[in-house]
Each structure stands twice: as structure tokens, then as C-alpha cells.
Amino acid sequence: MKKIQMVDLQSQYYKIKNDVDNAVLNVMDSAAFINGPEVKSFQNELESYLDVQHVIPCGNGTDALQIALMALDLKEGDEVITADFTFAATVEVIHLLKLKSVLVDVDYDTFTISTEQIRKAITPKTKAIIPVHLFGQCADMEEIIKIAKEHNLYVIEDNAQAIGAEYTLSDGSVKKSGTMGTLGTTSFFPSKNLGCYGDGGALFTNDDALAHRIRGIVNHGMYERYYHDEVGVNSRLDSVQAAILRKKLPHLDTYNEARRKAAEYYDEAFAGHDQILTPKRAENSSHVFHQYTLRILNGQRNELQKFLTEKDIPAMIYYPVALRKQKAYFQDSNDADFENTDKLLDQVISLPMHTELDDEQLKYITDAVLEFMK
Ligand SMILES: *Cc1c(COP(=O)(O)O)cnc(C)c1O
């Protein structure tokens, strides 16, 4: 059996090696390393895949979130609501820009931000909501957009974990994750569903004026060469990464399908076990399984992780600490209304999930989990 990894990027690369190698060598040959034609082509191809007006590539997914907040002209002290249970980057950029993060609980079953808690957290200072499409499925976007309209708020979708997922609105129309809010952001970190071979990220929007603004911000606040109209950043996707992403984008749906098949194998193996909860699918979203995350109810989650490690099965705790307990952002934490996050911190364990898992590996993993859980 092939060694089991949390993410197997090497096997995935070998399947497209010729294509990718040639694309990279062509960039070397062209010497158009920055803002070359590969970047523009990738941008156009991603726009058509997502059916969105504008994709603006940038340096990474964290930059994308920061740039999104910069583009919305938020002022010091403005409040941004996001989830307590997510990767820290989402909250970090809020604090970096001297805005105030207001963290709220998530839904226990879908792991995404609770819309009831969003409503409770709104104040006159609230300016934006950042739903995170955690582990590969969309937050309750229809309700979030409705709340945002009622209170005149921006919505920034942190889509770093769910690119390719689809959301069905109640009028029957289907949208790609990241294209429903004011802005969407994503990351092309290698292990993400659409990963490059270094760092990369992008913003999405259907708003022409906002897109123009963002294209300036990512380029030193420059709208005309050598005229700096605002303080921006330098955040670019380089041509080598764009060339690689152009080779991977046509496989994204197949990759997500492979993840779904692995998830179904896991689901079946654990179905009906009274101490294991398998990930619940959100009502209106497809799931692209950036992570496959179980909830372990018998209090033995850490012991299970240790048992799996001894069997050479990597398993990760995403995420072990609530963001409201991180000292970089908060000095004291309010623990009321975080019941779900706090349960999840003790229960979640993510199993190996990638595009290259085979049945032999899946059987080995599920047998091991069931052996421990009895
Ligand atoms: C990965 C990730 C980011 C950050 O992306 P980078 O490219 O690593 O900066 C932000 N938000 C979420 C939810 C992520 O998973």
C-alpha cells in the first residue's frame, strides 16, 4: 500500500507532470515572470469557470482577505463579524487593519457561521460579514445576503476551502462559491482544492468599480503608472504559478469529485456508529471536501488521533483553539454563546483527504478508526 498522507500532492503532480513541466519551462523561456500573459489567461479562465465578472489574482489567500477589507474603505473601529471556528487568517487581517472583529458561533452540523448569531451580533458599527466556507461547503449564503441587505453590510466570502462548490438559491439559480457576496477571496496554497506549487490567491467580484479599485490596491495603489493615489500593497500571483494553475483548473471538477468519492467511502464505513458523527451536508451547497471532518462523541478524540498515528495514518485537528482565545487578538474572552465551537474543538478530527486516495488506503483508514472506536 502506498504511504498514507494527509494530502498527496506528489502523486497528483505525476499524473499531469508533462503538462505542468512544459508550462513552467515555457514561462522560463519567455522570461515574463511577473504579470505575464499566463496570469492574464488564468484570470480569464477562472472568470469563466466561476461565471464571475472579475478575478483579481494576488499573492496569497491572506492578502486577498486584507485587500478585500482595504477596498471597502472601512474605518478604524468598524466591526466585522466572522466565525470563531476558522483558520486564523480571517481574523488576523481584521486586526491588522485596526478594525474590530466580532466573532460568533458556528452551526454544529455544518461547521459554518451561525446566521442566528450573526443577527445577534449586529450593532450600528457593523460594516461587514465574512462567512467562511469551511472544509468545503458554503455557509448559509442566502440568509447571510438577506441579513446584509437589511443592515446595509458588505459580505466577503472566504472561499479558501471551497473553490468549485455550488450553491443553489431558492429561485433555483446556481452560483459558484465565492461569487455571491460583495467580494470573494481564495487561496491557491498547494494543499487547497485548487493549489499551485507555491503561494497564490485571488479576489472575485461582479462589481466593476470595486474590481478597478482592487487592481490598484494590489499594485501599490497605482491606477496610472507612477501615480500613487492611495496606500496599497504589492501582492501578485507570479507567472510560474499562473501557468501551473492553468494546467490544474481544467481538472478541478474531477479533483473535487475524487474528494467526494473518498468522503462517500468514509460516510458508508462510519454510518450508524453511535459515537461517530460524519460531516453533514448543508442544505443548499454542494461539498468539495477540503477536509473530511468527523465528530467523535466518546471523549476519546485525542486518543484516536494517537492510535491512528501509531498506524501511520495522519489525522489532524482543525482547529484546536477558538480564535476568541488567541492572545494576539483578544485579551479576555466571552464564553457565552459559543456552545457549538467549544464542543467542536474537543470533538473534531480530520482524516486524510485528497484526490489520490485509493480503496486500499481508505479501507485501512476506516478499519483503523473502527478498531479504536469498536
Ligand atoms: C488557507 C486559508 C486562508 C489563507 O490562505 P493563504 O494562501 O495561506 O494565505 C484563509 N482562510 C482560510 C479559511 C484558509 O483555509
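The structure this text deals with has already been given above.
A few points on the structure. Numbering of residues begins from 1 in every chain and follows the order in which that chain's sequence is written. Reporting of local features is limited, given that this is a predicted model, to residues whose pLDDT is at least 70; pairs of side-chain atoms are given and counted only at 80 or more, and all residues count toward the totals for whole chains, interfaces and linings. Remark: hydrogens and water are excluded; side-chain values derive from all non-hydrogen atoms of the structure.

**Overview of the overall build of the protein**
Here is step 1: Only DSSP runs of H or I covering at least 4 residues are called helices, and only runs of E covering at least 2 are called strands; the numbering of each starts at the N terminus. Scanning the protein from terminus to terminus reveals 13 helices and 14 strands.
Here is step 2: The globule rule is 2.2 Å times the number of residues to the power 0.38, and the radius of gyration it is compared with is taken over C-alpha atoms. The C-alpha atoms of the protein give 21 Å as radius of gyration, which agrees with the globular expectation for 374 residues (21 Å, within 12%).
Here is step 3: A principal-axis box enclosing the C-alpha atoms of the protein has dimensions of 65 × 55 × 45 Å.
Here is step 4: Note on classification: 1.4 Å probe, protein chains only; a residue is buried when its accessible area is under 20% of the maximum for its type, exposed when over 50%, partly exposed between these limits. The buried share of the protein, reckoned over its 374 residues, is 55%.
Here is step 5: A contact between two residues is defined here by any heavy atoms of the two lying within 4.5 Å. Of the contacts made within the protein by residues no fewer than 6 positions apart, 72% connect residues no fewer than 24 positions apart.
Here is step 6: Areas reported here follow the Shrake-Rupley algorithm with a probe of radius 1.4 Å; residue values treat only the protein chains shown as occluding. Accessible surface computed for the protein: about 16,600 Å², of which carbon and sulfur atoms make up 48%.
Here is step 7: The positive charge centre, built from 39 side chains, and the negative charge centre, built from 56, are 2 Å apart in the protein. Charge counting treats Lys and Arg as positive and Asp and Glu as negative, with His and both chain ends excluded. Here the site of a charge means atom NZ of a Lys, CZ of an Arg, CG of an Asp or CD of a Glu.

**Examining the sheet that holds strand β12 (residues 276-277)**
Across a sheet, paired strands are connected by hydrogen bonds in the backbone, their directions being either parallel or antiparallel.
Here is step 1: If you trace the three strands from one edge of the open sheet to the other, you get β12-β13-β14, paired in antiparallel fashion. Among the strands making up the open sheet, the edge pair consists of β12 and β14 (348-351).
Here is step 2: With two bridges connecting them, β12 and strand β13 (residues 292-296) associate as antiparallel partners. Note on β13: the bridge partner recorded for L277 is R295.
Here is step 3: Helix α11 (residues 301-310) contacts β13 and β14 of the sheet and is inclined by roughly 25° relative to β14. Criterion used throughout: strands pair if DSSP finds at least two bridges between them. Lines fitted to C-alpha atoms define the axes here, with helix axes fitted over just the stretch in contact, and angles between the N-to-C directions of these axes take values from 0 to 180 degrees.

**Section: the sheet that holds strand β5 (residues 154-158)**
Here is step 1: Spatially, the seven strands line up as an open sheet ordered β1-β9-β8-β5-β4-β2-β3, and their pairing is mixed. Unpaired on one side and paired on the other, β1 (54-58) and β3 (100-104) mark the two borders of the sheet. Strand-to-strand, the axes of this sheet are offset by a mean angle of 25°, without reference to chain direction.
Here is step 2: In terms of strand pairing, strand β4 (residues 126-130) meets β5 through two bridges, oriented parallel. Each bridged residue has a counterpart across the sheet, and for I129 the counterpart in β5 is V155.
Here is step 3: Against the sheet, helix α7 (residues 141-151) contacts β4 and β5, and its axis sits at roughly 155° relative to β5.
Here is step 4: The sheet contacts of helix α8 (residues 208-217) involve β1, β8 (183-187) and β9 (201-205), and relative to β1 the element is tilted by about 15°.

**A short note on the packing of helix α3 (residues 37-50) against helix α9 (residues 239-248)**
Here is step 1: For the pair α3 and α9, interaxial distance at closest approach is 8 Å and the crossing angle is 40°. One element, α3, and the other, α9, form an angle in the oblique class. Crossing of α3 over α9 shows left-handed handedness. Contacts between α3 and α9 involve E38, V39, S41, F42 and E45 from the former and S239, A242, A243, L245 and R246 from the latter.
Here is step 2: Under this grouping Gly is polar, as are all residues other than the nonpolar Ala, Val, Leu, Ile, Met, Phe, Trp, Tyr, Cys and Pro and the charged Asp, Glu, Lys and Arg. Its residues assigned to classes, the contact of α3 with α9 shows five nonpolar, two polar and three charged. For this classification, under 35 degrees means roughly parallel, over 145 means roughly antiparallel, 65 to 115 means roughly perpendicular, and everything else is oblique. The handedness criterion is simple: a crossing whose near helix is rotated anticlockwise from the far helix by less than a right angle is left-handed, and one whose near helix is rotated clockwise is right-handed.

**Points about the site of the ligand**
Here is step 1: Nearness here has a simple test: a residue counts as near a molecule or strand if at least one of its heavy atoms is within 4 Å of that partner. As a structural note, the neighbourhood of the ligand is formed by 14 residues, with G61, T62, D158, S187 and K192 the closest of them.
Here is step 2: Whenever two N or O atoms come within 3.5 Å, that pair is a polar contact, provided that in protein one can donate a hydrogen and the other can accept it, and provided that, for residues adjacent in sequence, both atoms are side-chain atoms. At a separation of 2.5 Å, an oxygen atom of the ligand approaches a polar side-chain atom of T62.
Here is step 3: At a separation of 2.8 Å, a nitrogen atom of the ligand approaches a polar side-chain atom of D158.
Here is step 4: Taken by itself the ligand offers 380 Å² of open surface, and the protein chains cover 90% of this.
Here is step 5: Sorting the residues of the shell around the ligand by element identifies α4 (61-71) and α5 (89-96) as the ones contributing at least two each.
Here is step 6: No other element matches α4, which puts three residues into the shell around the ligand.
Here is step 7: For the shell around the ligand, the class distribution of residues is five nonpolar, seven polar and two charged.

**As for empty space enclosed by the protein**
Here is step 1: Think of a 1 Å grid over just the protein atoms. A cavity is a set of points where a 1.4 Å probe fits yet cannot get out, a pocket is an open set with protein on both sides within 12 Å along at least five of seven lines, and lining residues have an atom within 4 Å of a point. Grid points are joined across faces, edges and corners, and a volume is the space filled by probe spheres set on the points. By the definition in use, this model includes one cavity of 30 Å³ or more.
Here is step 2: Taken as a whole, the largest cavity encloses approximately 60 Å³ of empty space.
Here is step 3: Taken together, V7, D8, L9, Q12, P190, K192, N193, K248, R259, H354 and T355 make up the lining of the largest cavity.
Here is step 4: Considering only residue class, the lining of the largest cavity consists of three nonpolar, four polar and four charged.
Here is step 5: These domain boundaries are the output of an automatic or database domain assignment. The residue makeup of the lining of the largest cavity includes at least three contributed by each of domain 1 (9-104 + 112-250) and domain 2 (252-372).

**Digging into α7**
Here is step 1: Burial in α7 covers these residues: M141, I144, I145, I147 and A148. Angular distribution of buried residues about the axis of α7 spans 160°; they occupy a single face of the element.
Here is step 2: The inward-facing, buried residues of α7 abut α6 (115-121), β4, β5 and β6 (166-168). The directions considered for the arc run from the helix axis to the C-beta atoms.

**Looking at the side chain of H354**
Here is step 1: Mapping H354 onto the fold places it in the loop between β14 and α13 (359-373).
Here is step 2: In terms of polar contacts, H354 uses its side chain to reach the backbone carbonyl oxygen of Q5, at 3.4 Å.
Here is step 3: Here E356 takes part through its backbone nitrogen, which lies 3.0 Å from a polar atom of the side chain of H354.
Here is step 4: In contact with H354, not counting residues within four places along its chain, are Q5, M6, V7, D8 and R259.

**A word on the environment of C138**
Here is step 1: In this structure, C138 sits in the loop between β4 and α7.
Here is step 2: The buried category is assigned to C138, whose relative accessible area is 2%.
Here is step 3: For C138 and L294, which are 156 residues apart along the polypeptide, the C-alpha to C-alpha distance reads 18 Å.
Here is step 4: Beyond its immediate chain neighbours, meaning those up to four positions away, C138 contacts T112, H133, A165, Y167, S177, M180, A282, S285 and S286.

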